[in-house]
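# Fold and contact review
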Amino acid sequence: MAKGAAWVRSAEKEEVSTGSWTTGKRMPKTIFPLRGSHSYRLAGTWTWRLISFAVSSEQYRVLLAHKAEKQEFMAMLGHLVDRDMTVLCRIEHHGSHPGWHVHYQPYETKQSGVIIGADARKRACGLDSRFGTSVVSGFDDWAISIAHSLFKLPHARGSSDENLL
Amino acid sequence: MKQELCKAFCDSVSVTELPCGFGISTTLFEIEGDPAGLYAIGPDSTGHWKLEDAGRLLPSLIASGYDLASENRKKALASILETADAAFDEDGLEISTGPISKSDIPAHAIRLIVALVRVSDLVQMTADRVRSTFKEDVRMALAASLPSDVEIHENAPADDQSADLRADLVLRQSGRAPVALYLAQNDLSLVEAMLLRSETQGAGETRPLVTALLERENAVSKHTRTRAMNRLDSVGVYEGDERQALAKVVQFVSNAPKVAA
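These numbers were taken from a predicted model, which means no experiment stands behind them.

### Here's the deal with the nonpolar core
Grouped together as the largest cluster of nonpolar side chains are 50 residues, with contacts concentrated most on Phe32, Tyr40 and Leu63 of chain A together with Leu77 of chain B. Residue contributions to this core peak at 10 residues, all from helix H4 (residues 105-145) of chain B. Residues within four places of Leu63 of chain A in sequence aside, it is in contact with Met27, Ile31, Phe32, Tyr40, Leu42, Trp48, Arg49, Leu50, Met74, Ala75 and Met76 of chain A. Counting residues in each nonpolar core, the second largest holds 26 residues, with Val16, Ile51, Tyr60 and Ala147 of chain A among its members.

What follows is the structure, given as structure tokens:
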């Protein structure tokens, strides 16, 4: 069974690979597979980017996605075994209501192959200065900076389209 | 009372100015606990607005197994959205209304929010159905394969002394020890199986045989799987070798120790 998001966050990452920001076309099925032929695929109206890394030979993926004009942001962490993904957590911001929050699956009952676990829980991220309250411009840079901070990935250099390592 | 209701409904409504127009959230909640929200986009060059979701719902719905290529599914989704004069865009995977005037936003927003909550429920229902296929598949296959005198009890106790420990399936054949079968999709199920095995250890020849069928090899932690393999009477893995996994259960039931009927 997959470890929890907190464990992954604190673990030493290897083989970190960061894709480019992509927009205007639907996410390919191979980016964030869930189970069997099912994948999580955002439409081209989103701007998204995939970061993959390994912890002790276990494979993990972080899908970053945002819609700056709606102030929508998501960083989804998944543990991938073959084509079977266990989504450990989704850190989100919605422009429709205030407050950063995390949806996560508790350790004992993590479901693989689904975005929404049967026992998924939610909690607010609290007053964390990393998140800020309003980000209208520079969303790409800001989003990746947040994601690297959240998951303790090697820090971004700031450019949205270059390899961050 | 009306004032109190209005206050309860309206206190949690929030409107936030955004680059696209306005973000609106309400007192209703989506399945994961987020306030149901939408966006008022506009005004366009003609002064009109449209209401739109965030664009998360449909990707989640499709990922849960809801196939939009199916005409029936497409119609079902459309019928929910029609209640709010809304439709979905198959390319953009967004739900939106047509152009409306600014003064019409509140009335349309309420109807669209209700429709979005219904779609959100659909995501969970679809995911639940996908998850439950494993147990249903096994139950049906065993019903077709086991001898007709084997009774199949769902979510039932295998032993009167441990009535609170309920197995997914209890297979009873007259004159033989019952078989408690746990259809394991997570660690908890296997832990419960091991508890039943432990609690019934001293029951002698009438003790139930405790077995587990894992949905997939990695459905449970390696540690729990190892413990289960060393403690339960039988453990199998379903996905990837379904026929043999079921045959093993059938054979196990047939070979259960004989007991006084």
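There is more to say, and it comes next.
### Quick notes on the packing of helix H5 (residues 187-199) of chain B against helix H6 (residues 222-231) of chain B
The description of two packed helices rests on the angle between their axes and on the distance between the axes. Residues and elements named next belong to chain B. Their axes nearest at 10 Å, the elements H5 and H6 cross at an angle of 25 degrees. Considering their axes alone, H5 and H6 lie roughly parallel with respect to each other. Relative to H6, H5 is oriented so that their crossing is left-handed. Between H5 and H6, the residues in contact are Asp187, Leu190, Val191, Met194 and Arg197 and Thr224, Arg225, Arg227, Ala228 and Arg231, respectively. Class assignment of the residues belonging to the contact of H5 with H6 gives a composition of four nonpolar, one polar and five charged.

### Considering the interface of chain A and chain B
Listed by partner, the interface residues are 44 residues for chain A and 46 residues for chain B. Across the chain A/chain B interface, buried area totals approximately 3400 Å², and carbon plus sulfur atoms make up 50% of it. Counting across the chain A and chain B interface gives eight salt bridges. Between Arg35 of chain A and Glu215 of chain B there is a salt bridge, with its nearest N and O atoms 3.1 Å apart. Counting every contact that joins chain A to chain B gives 23 residue pairs in polar contact (both at pLDDT 80 or more). Counting residues per element, the ones that place at least two in the side of chain A that touches chain B are strand S3 (33-35), strand S4 (38-39), strand S7 (72-81), strand S8 (84-94) and strand S9 (97-104) of chain A. Per-element tally for the side of chain A that touches chain B: the top contributor is S8 of chain A, with five residues. By residue class, the composition of the side of chain A that touches chain B is 17 nonpolar, 15 polar and 12 charged.

### Observations regarding the sheet that holds strand S8 (residues 166-173) of chain B
Residue and element names in this part refer to chain B. With mixed pairing, five strands are arranged side by side in an open sheet as S7-S8-S9-S10-S11. Each of the sheet's edge strands pairs with one partner strand only, and the pair in question is strand S7 (150-157) and strand S11 (234-237). Within this sheet the neighbouring strands show an average axis-to-axis angle of 25 degrees, counted without direction. Inspection of the sheet shows strand S10 (residues 209-214) paired to S11 by four bridges, in the parallel sense. In the sheet register, Thr211 faces S11, and the bridge partner there is Ser234.

### Focus: the side chain of Glu215 of chain B
Along the chain, the position of Glu215 of chain B falls in the loop between S10 and H6. Here the side chain of Glu215 of chain B touches Arg216 of chain B through a polar contact of 3.4 Å, side chain to side chain.

### Remarks on H6 of chain B
Residues and elements named next belong to chain B. Of the residues making up H6, those classed as buried are Thr224, Arg225 and Ala228. When H6 is viewed along its axis, its buried side chains cluster within an angular range of 100 degrees and face the same direction. What points out from H6, more than 90 degrees from its buried face, is the exposed set Lys222, His223, Met229 and Asn230. Contacts from the buried residues of H6 go to H5, S10 and S11.

### Focus on the pairing of strand S2 (residues 21-29) of chain B
Both faces of the sheet carry side chains from a regular strand, because those side chains alternate between them. Residue and element names in this part refer to chain B. Relative to S2, strand S1 (residues 14-18) is paired through five bridges, and the arrangement is antiparallel. Looking at S2, one finds that Glu17 is bridged to Phe22. Connecting S1 to the antiparallel partner S2 that follows it, the hairpin turn spans two residues. Pairing between S2 and strand S3 (residues 35-41): six bridges, direction antiparallel. Looking across to S3, one finds that Gly23 is bridged to Tyr39.

### Some remarks on the state of the cysteines
Residue and element names in this part refer to chain B. In total, this model carries zero disulfides over all chains according to the counting rule given. With no disulfide of its own, Cys6 has Cys10 as its nearest cysteine by sulfur position, at a separation of 5.8 Å. Owing to a relative accessible area of 39%, Cys6 belongs among the partly exposed residues under this scheme.

### Let's talk about the pattern of salt bridges
Applying the stated rule across the entire model yields 20 salt bridges over all chains. Linking Glu239 of chain B and Arg35 of chain A is a salt bridge whose minimum nitrogen-to-oxygen distance equals 3.1 Å. Separated into two different chains, Glu239 of chain B in the loop between S11 and helix H7 (242-254) and Arg35 of chain A in strand S3 make up a pair that spans both. Overall, the relative accessible area of 40% leaves Glu239 of chain B in the partly exposed class. Close ionic contact of Asp233 of chain B with Arg197 of chain B constitutes a salt bridge, the shortest N to O distance being 3.4 Å. Separated by 36 residues along the polypeptide, Asp233 of chain B in the loop between H6 and S11 and Arg197 of chain B in helix H5 bring together distant segments of the chain. Residue classification places Arg197 of chain B among the buried positions, given a relative accessible area of 13%. Counted as one network, the salt bridges with shared partners bring together Arg35 and Asp84 of chain A together with Glu215, Arg216 and Glu239 of chain B.

Rules used throughout
- Residues numbered from 1 in each chain as written.
- Chains lettered and ligands numbered in written order.
- Predicted model: local features only at pLDDT ≥ 70, side-chain atom pairs only at ≥ 80, totals over all residues.
- Heavy atoms only, no water.
- Core = buried A, V, L, I, M, F, W, Y, C linked by side-chain atoms within 4.5 Å.
- Buried < 20%, exposed > 50% of the residue type's maximum accessible area, 1.4 Å probe, protein only.
- Helix = DSSP H or I, 4+ residues; strand = E, 2+ residues; numbered from the N terminus.
- Contact = heavy atoms within 4.5 Å.
- Axes fitted to C-alpha atoms, helices over the stretch in contact; angles between N-to-C directions.
- Parallel < 35°, antiparallel > 145°, perpendicular 65-115°, else oblique.
- Left-handed = near helix turned anticlockwise from the far one by under 90°.
- Nonpolar A, V, L, I, M, F, W, Y, C, P; charged D, E, K, R; others polar.
- Buried area = accessible area lost by both parts, 1.4 Å probe.
- Salt bridge = Lys/Arg side-chain N within 4 Å of Asp/Glu carboxyl O.
- Polar contact = N/O pair within 3.5 Å; in protein donor to acceptor, adjacent residues only side chain to side chain.
- Pairing = 2+ DSSP bridges.
- Arc of directions from axis to C-beta.
- Disulfide = S-S within 2.5 Å.

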